[in-house]
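# Descriptive analysis of the structure
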Amino acid sequence: MSPRVAVIGAGIGGLTLALELHAAGIECQVFEAVPELSAVGVGINLLPHATRELSRLGLGEELASVAVAPRESVYFNRFGQHIHTERIGRAAGYDWPQLSIHRADLQAVLARAVRARLGEHSVVTGHRCERVDQDERGVTVRLTRAEGSRTRVRADAAVGCDGIHSAVRRQLHPEQGPPVYSGHNMWRGVTVSPPILGGASMIRAGWLATGKLVVYPIREQVDDAGRQLVNWVVEIETPRHADRDWNRAGRVEDFIDVFADWRFDWLDVPALIRGAPEILEYPMVDQDPLPWWGTGRVTLLGDAAHPMVPRGSNGAGQAVLDASALAAELAASHDVATAFAGYERLRRPATSAVVRANRTNPPDAILREVYQRTGDRPFARIEDVISTEELDDIITGYQETAGYSLAALSDP
Ligand SMILES: Cc1cc2nc3c(=O)[nH]c(=O)nc-3n(C[C@H](O)[C@H](O)[C@H](O)COP(=O)(O)OP(=O)(O)OC[C@H]3O[C@@H](n4cnc5c(N)ncnc54)[C@H](O)[C@@H]3O)c2cc1C
């Protein structure tokens, strides 16, 4: 008989896992701390390895209808000089698109699908997991309801998909401590804007020491003028930071000076930033890869297993890949401990490599190279600073590490 799984957390990883388990004929229920899945967060990117899995789950069209499929990734220095353009998604020859999407839209599509396929009671909100205990016959998930009362649930297995501040991870790895600050603070927002550079570009500009900017559209046609909802992120090297809280309000005065003269003929950066109705602030944090994730009938998935600095567009995508691997292992072996061990053998080394690459050589390492080689000055010819081969090597090196190179996804 197939096991019954308690999924802890209804974020991107937990909801995808519920859909994957359902598709594999495995029963599950999702327990989420917040009383209601509301529209929180800003932009997220799904690379073709993740959209392949989500398309297999039958969500490709619905996701594409609420997202933007960028065609190129474009790099500039802080003087607005063009460094490099790389085709991405279908424009680069992938069979699946890259999708830039509001996190809330992605979560809503997943939650709707879970409730439609698994039933209304498959997602239990307002139930915070405190700990999970296991014995030879199953697990006991101890939960606190939003109003403070306690309850417990029995299942055959539990998966901690409870994000960067995971209670399940803290229980399994009490020695690990809180997430580690990378030295870079981040402010984010969304602004309604006319399409920038044609409206299908993922833009990276500047460098962390003197201010870095990432801009990409996440919703099409938000008004009659054909404007888009544009996600922007600024990152600055600074010791100043607060604890990670996805909803912490930021203040424009704390960072706008850094971008005051970023007025290019293709984008007025201060105007874009000031156009956001709300600004969120959070530190770039991650954690060293764990030596093991779970034990017996309990394991971890997504940010709970491998929090990473968001510099390679891989946080959500790796959670999606975890979910499909875990469901495949459980379908292949209904012995939970064997399946979870197989899942961890596959996914822990792969995701640990992405955590490390995001610290050192994500695609925006291109910006670091140009910053260092030019001494942070304008260049006359980019070819004299960095060759096209070097640029391609940085990009393909990261793609191979993160598992979404064209070659890897073209395999039969
Ligand atoms: C509110 C919020 C806003 C975010 N905004 C962005 C963003 O703007 N851009 C971006 O790139 N990434 C954002 N992320 C992170 C991003 O969604 C994840 O990095 C990525 O999708 C991996 O997904 P995950 O399922 O592992 O974690 P998450 O998507 O973080 O989901 C974890 C879920 O577990 C729930 N949870 C936490 N603790 C418990 C508990 N003890 N018991 C039960 N449930 C629990 C959380 O409420 C959440 O729903 C956000 C995450 C959250 C929770």
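The notes below deal with the structure included here.

We now examine the overall build of the chain. Secondary structure summary: the chain contains eleven helices and 17 strands in total. The C-alpha atoms of the chain give 21 Å as radius of gyration, which agrees with the globular expectation for 412 residues (22 Å, within 12%). Along the three orthogonal principal directions, the C-alpha set of the chain runs to about 70 × 50 × 45 Å. Once local pairs closer than 6 in sequence are excluded, the contacts in the chain between residues at least 24 apart make up 73%. Carbon and sulfur atoms form 49% of the exposed surface of the chain, whose accessible area is close to 17,200 Å². Taking the 43 positively charged and 53 negatively charged side chains of the chain as two groups, their mean positions are separated by 4 Å.

Taken together, 30 residues sit near the ligand, with Gly13, Glu32, Val42, Arg103 and Asp303 positioned nearest. Between cysteine 129 and the ligand, the recorded distance is 2.9 Å, taken from a backbone N or O atom to a nitrogen atom. One of the side-chain N or O atoms of aspartate 303 is found 2.6 Å from an oxygen atom in the ligand. Taken together, the residues that form the shell around the ligand break down as 15 nonpolar, nine polar and six charged.

With that settled, the discussion passes to the nonpolar core. Residues Leu17, Leu21, Val141 and Leu330 are the most contacted members of the largest nonpolar core, which totals 64 residues. Broken down by element, this core gets its largest block of residues, seven residues, from helix α7 (residues 315-332). For leucine 17, the residues in contact, after removing those within four places along its chain, are Val7, Val159, Cys161, Leu301, Ala323 and Leu326. Core analysis: the second largest hydrophobic core is formed by 25 residues, Ile196, Trp232, Phe255 and Leu272 among them.

Definitions and limits used
Residues numbered from 1 in each chain as written. Predicted model: local features only at pLDDT ≥ 70, side-chain atom pairs only at ≥ 80, totals over all residues. Heavy atoms only, no water. Helix = DSSP H or I, 4+ residues; strand = E, 2+ residues; numbered from the N terminus. Rg over C-alpha atoms; globule rule 2.2 N^0.38 Å. Contact = heavy atoms within 4.5 Å. Areas by Shrake-Rupley, 256 points an atom, 1.4 Å probe, with all protein chains shown as cover. Lys, Arg positive; Asp, Glu negative; His and termini not counted. Charge placed at Lys NZ, Arg CZ, Asp CG, Glu CD. Near = heavy atom within 4 Å. Polar contact = N/O pair within 3.5 Å; in protein donor to acceptor, adjacent residues only side chain to side chain. Nonpolar A, V, L, I, M, F, W, Y, C, P; charged D, E, K, R; others polar. Core = buried A, V, L, I, M, F, W, Y, C linked by side-chain atoms within 4.5 Å. Buried < 20%, exposed > 50% of the residue type's maximum accessible area, 1.4 Å probe, protein only.

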